[in-house]
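What follows is each chain in one-letter form.
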Amino acid sequence: MRIDVVTIFPAFFDVLEVSLLGRARGAGLLDIRVHDLRDHTTDRHRTVDDTPYGGGAGMVMKPEPWAQSLDAIAAEQEGGEDAASGPLFVFPSPAGERFTQSVAREWSAEQHIVFGCGRYEGIDERVFAYASTIGRVRLVSLGDYVLNGGEVAAMAMIEAVGRLVPGVVGNPESLVEESHEDGLLEYPSYTKPASWRGYDVPDVLLSGHHGRVADWRRGQQVERTRLRRPDLLSE
Ligand code: JET
(Lines give C-alpha, C1' and ligand atoms only; values in the text may rest on other atoms or scores of the structure.)
Protein backbone atom coordinates (compact mmCIF):
# COMPACT_ATOMS: atom_id res chain seq x y z
CA MET A 1 0.00 0.00 0.00
CA ARG A 2 1.18 3.50 -0.84
CA ILE A 3 0.50 6.24 1.73
CA ASP A 4 1.39 9.91 1.23
CA VAL A 5 1.11 12.59 3.89
CA VAL A 6 0.99 16.33 3.24
CA THR A 7 1.80 18.50 6.26
CA ILE A 8 3.61 21.66 7.35
CA PHE A 9 5.26 19.54 10.09
CA PRO A 10 6.93 16.57 8.35
CA ALA A 11 8.98 15.81 11.49
CA PHE A 12 5.78 14.70 13.26
CA PHE A 13 5.94 11.53 11.17
CA ASP A 14 9.51 10.55 12.11
CA VAL A 15 8.04 8.01 14.55
CA LEU A 16 6.78 5.96 11.58
CA GLU A 17 10.36 4.70 11.35
CA VAL A 18 10.05 2.74 14.60
CA SER A 19 7.91 -0.15 15.82
CA LEU A 20 5.59 -2.30 13.74
CA LEU A 21 5.05 0.16 10.90
CA GLY A 22 8.77 0.85 10.65
CA ARG A 23 9.36 -2.86 10.11
CA ALA A 24 6.53 -3.04 7.55
CA ARG A 25 8.10 -0.14 5.65
CA GLY A 26 11.48 -1.86 5.70
CA ALA A 27 9.87 -5.05 4.38
CA GLY A 28 8.26 -3.13 1.49
CA LEU A 29 4.68 -3.76 2.67
CA LEU A 30 3.99 -0.08 3.27
CA ASP A 31 5.41 2.72 1.11
CA ILE A 32 4.87 5.83 3.25
CA ARG A 33 6.08 9.22 2.00
CA VAL A 34 5.82 12.51 3.86
CA HIS A 35 5.71 15.84 2.00
CA ASP A 36 6.14 19.42 3.21
CA LEU A 37 3.25 21.59 1.99
CA ARG A 38 5.62 24.61 2.03
CA ASP A 39 7.60 23.06 -0.84
CA HIS A 40 4.62 24.05 -3.01
CA THR A 41 4.64 27.74 -2.10
CA THR A 42 6.18 30.35 -4.38
CA ASP A 43 6.67 33.42 -2.14
CA ARG A 44 9.78 34.23 -0.13
CA HIS A 45 8.05 33.53 3.21
CA ARG A 46 6.62 30.17 2.06
CA THR A 47 3.14 31.30 3.13
CA VAL A 48 0.46 28.62 3.53
CA ASP A 49 -2.29 30.63 5.29
CA ASP A 50 -4.31 33.82 4.93
CA THR A 51 -7.19 35.65 6.62
CA PRO A 52 -10.72 34.25 6.28
CA TYR A 53 -13.25 35.81 3.89
CA GLY A 54 -16.23 37.00 5.90
CA GLY A 55 -14.00 37.72 8.89
CA GLY A 56 -13.57 35.77 12.09
CA ALA A 57 -10.74 34.48 14.20
CA GLY A 58 -7.63 32.71 12.97
CA MET A 59 -6.26 31.88 9.57
CA VAL A 60 -7.28 29.58 6.71
CA MET A 61 -4.93 27.44 4.60
CA LYS A 62 -4.55 28.82 1.06
CA PRO A 63 -5.80 26.54 -1.74
CA GLU A 64 -2.99 26.73 -4.31
CA PRO A 65 -0.17 25.01 -2.35
CA TRP A 66 -2.64 22.19 -1.59
CA ALA A 67 -3.62 21.77 -5.25
CA GLN A 68 0.04 21.77 -6.36
CA SER A 69 0.94 19.20 -3.74
CA LEU A 70 -2.03 16.86 -4.37
CA ASP A 71 -1.51 17.10 -8.16
CA ALA A 72 2.17 16.14 -7.82
CA ILE A 73 1.34 13.14 -5.63
CA ALA A 74 -1.53 11.91 -7.86
CA ALA A 75 0.69 12.22 -10.96
CA GLU A 76 3.32 9.91 -9.41
CA GLN A 77 0.93 6.94 -9.47
CA GLU A 78 -0.50 5.29 -12.56
CA GLY A 79 -4.26 5.04 -12.99
CA GLY A 80 -6.03 8.23 -12.02
CA GLU A 81 -7.44 9.01 -15.48
CA ASP A 82 -10.65 9.68 -13.60
CA ALA A 83 -11.47 10.50 -10.00
CA ALA A 84 -12.78 6.99 -9.27
CA SER A 85 -9.42 5.38 -10.08
CA GLY A 86 -7.37 8.12 -8.37
CA PRO A 87 -6.15 8.06 -4.78
CA LEU A 88 -8.31 8.21 -1.68
CA PHE A 89 -7.75 11.68 -0.18
CA VAL A 90 -8.35 11.74 3.57
CA PHE A 91 -8.53 15.03 5.45
CA PRO A 92 -8.66 14.55 9.24
CA SER A 93 -11.20 17.05 10.53
CA PRO A 94 -13.33 17.50 13.64
CA ALA A 95 -16.14 18.21 11.15
CA GLY A 96 -15.71 14.87 9.38
CA GLU A 97 -17.55 11.54 9.48
CA ARG A 98 -16.43 9.19 12.25
CA PHE A 99 -13.36 6.96 11.77
CA THR A 100 -14.07 3.40 13.00
CA GLN A 101 -12.53 -0.07 12.78
CA SER A 102 -14.79 -0.83 9.82
CA VAL A 103 -13.50 2.26 7.98
CA ALA A 104 -9.95 1.09 8.74
CA ARG A 105 -10.86 -2.36 7.30
CA GLU A 106 -12.24 -0.79 4.11
CA TRP A 107 -9.18 1.40 3.64
CA SER A 108 -6.76 -1.51 4.18
CA ALA A 109 -7.74 -2.70 0.66
CA GLU A 110 -6.87 0.67 -0.98
CA GLN A 111 -3.83 0.97 -3.24
CA HIS A 112 -3.10 4.62 -2.49
CA ILE A 113 -4.22 6.86 0.38
CA VAL A 114 -3.18 10.52 0.69
CA PHE A 115 -3.59 12.20 4.09
CA GLY A 116 -3.93 16.00 4.03
CA CYS A 117 -3.14 17.51 7.42
CA GLY A 118 -4.86 20.85 7.99
CA ARG A 119 -3.80 23.40 10.59
CA TYR A 120 -5.14 26.77 11.84
CA GLU A 121 -8.91 27.07 11.31
CA GLY A 122 -8.82 24.62 8.41
CA ILE A 123 -8.27 24.37 4.67
CA ASP A 124 -10.05 26.53 2.04
CA GLU A 125 -13.21 24.51 1.26
CA ARG A 126 -12.54 24.60 -2.50
CA VAL A 127 -9.55 22.25 -2.02
CA PHE A 128 -11.97 19.38 -1.24
CA ALA A 129 -13.97 20.12 -4.42
CA TYR A 130 -10.77 20.22 -6.48
CA ALA A 131 -9.36 17.03 -4.93
CA SER A 132 -12.61 15.22 -5.79
CA THR A 133 -11.81 15.77 -9.50
CA ILE A 134 -8.57 13.77 -9.22
CA GLY A 135 -9.56 11.21 -6.53
CA ARG A 136 -12.13 10.31 -3.90
CA VAL A 137 -12.32 12.64 -0.89
CA ARG A 138 -13.31 11.93 2.72
CA LEU A 139 -13.23 14.24 5.73
CA VAL A 140 -12.82 11.98 8.74
CA SER A 141 -12.86 12.55 12.50
CA LEU A 142 -11.20 10.44 15.20
CA GLY A 143 -13.68 11.63 17.79
CA ASP A 144 -15.49 14.63 19.20
CA TYR A 145 -12.57 16.73 20.31
CA VAL A 146 -10.32 19.30 18.62
CA LEU A 147 -6.64 18.89 17.86
CA ASN A 148 -4.29 21.65 16.70
CA GLY A 149 -3.89 19.98 13.32
CA GLY A 150 -4.54 16.80 11.39
CA GLU A 151 -1.13 15.23 12.04
CA VAL A 152 -1.91 13.24 15.20
CA ALA A 153 -5.23 12.06 13.73
CA ALA A 154 -3.51 11.02 10.47
CA MET A 155 -0.92 9.08 12.46
CA ALA A 156 -3.64 7.19 14.33
CA MET A 157 -5.44 6.36 11.08
CA ILE A 158 -2.18 5.25 9.41
CA GLU A 159 -1.50 2.87 12.29
CA ALA A 160 -5.07 1.51 12.39
CA VAL A 161 -5.09 0.91 8.61
CA GLY A 162 -1.44 -0.12 8.22
CA ARG A 163 -1.69 -2.98 10.75
CA LEU A 164 -4.59 -4.48 8.74
CA VAL A 165 -2.54 -4.65 5.53
CA PRO A 166 -1.73 -8.34 4.98
CA GLY A 167 1.70 -9.26 6.35
CA VAL A 168 2.14 -6.21 8.60
CA VAL A 169 0.96 -7.97 11.77
CA GLY A 170 2.87 -11.25 12.04
CA ASN A 171 0.04 -13.31 13.55
CA PRO A 172 -3.19 -12.41 11.70
CA GLU A 173 -5.23 -14.42 14.25
CA SER A 174 -4.43 -11.75 16.83
CA LEU A 175 -6.45 -9.30 14.70
CA VAL A 176 -9.65 -11.33 14.89
CA GLU A 177 -10.38 -11.33 18.62
CA GLU A 178 -9.62 -7.69 19.38
CA SER A 179 -11.94 -4.89 20.43
CA HIS A 180 -14.42 -3.63 17.82
CA GLU A 181 -13.91 -6.46 15.33
CA ASP A 182 -17.25 -7.98 16.39
CA GLY A 183 -18.87 -4.79 17.68
CA LEU A 184 -18.00 -5.57 21.32
CA LEU A 185 -15.13 -4.58 23.60
CA GLU A 186 -12.43 -7.18 24.16
CA TYR A 187 -12.58 -9.63 27.09
CA PRO A 188 -10.08 -9.19 29.98
CA SER A 189 -6.67 -10.87 29.67
CA TYR A 190 -4.40 -12.38 32.32
CA THR A 191 -0.95 -13.95 32.37
CA LYS A 192 1.27 -15.63 34.98
CA PRO A 193 1.41 -15.68 37.98
CA ALA A 194 -2.09 -17.06 38.72
CA SER A 195 -2.01 -15.25 42.08
CA TRP A 196 -0.40 -11.84 42.22
CA ARG A 197 -0.37 -9.34 45.13
CA GLY A 198 -3.57 -10.90 46.43
CA TYR A 199 -5.38 -10.75 43.08
CA ASP A 200 -6.33 -14.09 41.49
CA VAL A 201 -6.92 -15.03 37.87
CA PRO A 202 -10.59 -16.16 37.44
CA ASP A 203 -10.83 -19.94 38.07
CA VAL A 204 -12.56 -20.67 34.77
CA LEU A 205 -9.39 -19.61 32.86
CA LEU A 206 -7.37 -22.24 34.77
CA SER A 207 -10.01 -24.94 34.25
CA GLY A 208 -8.92 -26.15 30.82
CA HIS A 209 -12.59 -26.27 29.65
CA HIS A 210 -12.41 -24.46 26.31
CA GLY A 211 -16.19 -24.17 25.96
CA ARG A 212 -16.60 -22.65 29.42
CA VAL A 213 -13.70 -20.26 28.77
CA ALA A 214 -15.33 -19.11 25.52
CA ASP A 215 -18.72 -18.60 27.24
CA TRP A 216 -17.14 -16.65 30.10
CA ARG A 217 -15.19 -14.42 27.72
CA ARG A 218 -18.30 -13.67 25.64
CA GLY A 219 -20.18 -12.79 28.84
CA GLN A 220 -17.38 -10.44 29.90
CA GLN A 221 -17.41 -8.79 26.47
CA VAL A 222 -21.14 -8.11 26.65
CA GLU A 223 -21.02 -6.93 30.28
CA ARG A 224 -18.15 -4.47 29.87
CA THR A 225 -19.61 -3.18 26.60
CA ARG A 226 -22.94 -2.56 28.40
CA LEU A 227 -21.11 -0.72 31.23
CA ARG A 228 -18.52 1.25 29.27
CA ARG A 229 -19.93 1.63 25.76
CA PRO A 230 -23.70 1.13 25.72
CA ASP A 231 -23.75 3.09 22.44
CA LEU A 232 -22.14 0.08 20.73
CA LEU A 233 -25.04 -2.23 21.74
CA SER A 234 -27.79 0.05 20.43
CA GLU A 235 -26.24 0.50 16.95
C1 JET B 1 -9.62 16.03 14.56
C2 JET B 1 -9.60 14.94 13.73
O3 JET B 1 -8.85 18.16 15.21
C4 JET B 1 -8.89 17.29 14.35
O5 JET B 1 -8.29 17.45 13.11
C6 JET B 1 -7.33 18.45 12.96
C7 JET B 1 -7.74 19.74 12.41
C8 JET B 1 -7.92 20.83 13.26
C9 JET B 1 -8.24 22.06 12.72
C10 JET B 1 -8.36 22.19 11.35
C11 JET B 1 -8.20 21.09 10.52
O12 JET B 1 -8.31 21.27 9.16
C13 JET B 1 -8.88 20.30 8.35
C14 JET B 1 -10.02 20.89 7.62
O15 JET B 1 -11.17 20.20 7.64
C16 JET B 1 -12.32 20.75 7.06
O17 JET B 1 -9.95 21.96 7.05
C18 JET B 1 -7.88 19.88 11.05
C19 JET B 1 -10.42 15.72 15.62
N20 JET B 1 -10.87 14.48 15.40
N21 JET B 1 -10.39 14.03 14.29
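Above this text you will find the structure in question.
Before going into details, it helps to say that this report is about the structure given with it. (Residues numbered from 1 in each chain as written. Predicted model: local features only at pLDDT ≥ 70, side-chain atom pairs only at ≥ 80, totals over all residues. Heavy atoms only, no water.)

What to know about unusual backbone geometry
Right, on to step 1. In this structure, the amide linkage connecting lysine 192 to the following residue, proline 193, adopts the cis form with an omega of 5 degrees.
Right, on to step 2. Relative to the helices and strands, proline 193 is located in the loop between α5 (151-162) and β8 (195-196).
Right, on to step 3. In this structure, arginine 46 takes a positive phi of about 55 degrees despite not being glycine.
Right, on to step 4. Along the chain, arginine 46 falls in the loop between β2 (31-36) and β3 (49-50).
Right, on to step 5. Of the residues examined, arginine 46 reaches a relative accessible area of 34% and is grouped as partly exposed. (Helix = DSSP H or I, 4+ residues; strand = E, 2+ residues; numbered from the N terminus. Buried < 20%, exposed > 50% of the residue type's maximum accessible area, 1.4 Å probe, protein only.)

Notes on helix α6 (residues 210-228)
Right, on to step 1. The end-to-end C-alpha distance of α6 is 27 Å, a good match for the 27 Å that 19 residues give at a rise of 1.5 Å each.
Right, on to step 2. Every buried residue of α6 is accounted for by Val213, Gln221, Arg224 and Thr225. Buried residues along α6 cover an arc of 105 degrees about the axis, so they all sit on one side. Of the exposed residues in α6, the ones pointing more than 90 degrees away from its buried face are Asp215 and Leu227.
Right, on to step 3. In this structure, the buried side of α6 is in contact with α7 (230-233). (Expected span 1.5 Å × (residues − 1). Arc of directions from axis to C-beta. Contact = heavy atoms within 4.5 Å.)

Some thoughts on the nonpolar core
Right, on to step 1. Among the nonpolar cores identified, the biggest contains 31 residues, and Phe99, Trp107, Phe115 and Ile158 are the most heavily contacted of them.
Right, on to step 2. Top contributing element to this core by residue count: α5, with seven residues.
Right, on to step 3. In contact with phenylalanine 115, other than residues within four places in its own chain, are Ile3, Asp4, Val5, Val6, Val90, Trp107, Ala154, Met157 and Ile158.
Right, on to step 4. Judged by nonpolar contacts, the second largest core, of 17 residues, contains Val6, Phe89, Val114 and Val127. (Core = buried A, V, L, I, M, F, W, Y, C linked by side-chain atoms within 4.5 Å.)

Considering helix α1 (residues 19-26)
Right, on to step 1. Leu21, Gly22 and Ala24 are the residues of α1 that are buried. The buried side chains of α1 occupy one side of the element, clustering within an arc of 160 degrees when seen end-on. Set apart from the buried face of α1 by more than 90 degrees, the exposed residues are Ser19, Arg23 and Gly26.
Right, on to step 2. Against α5 lie the buried residues of α1.

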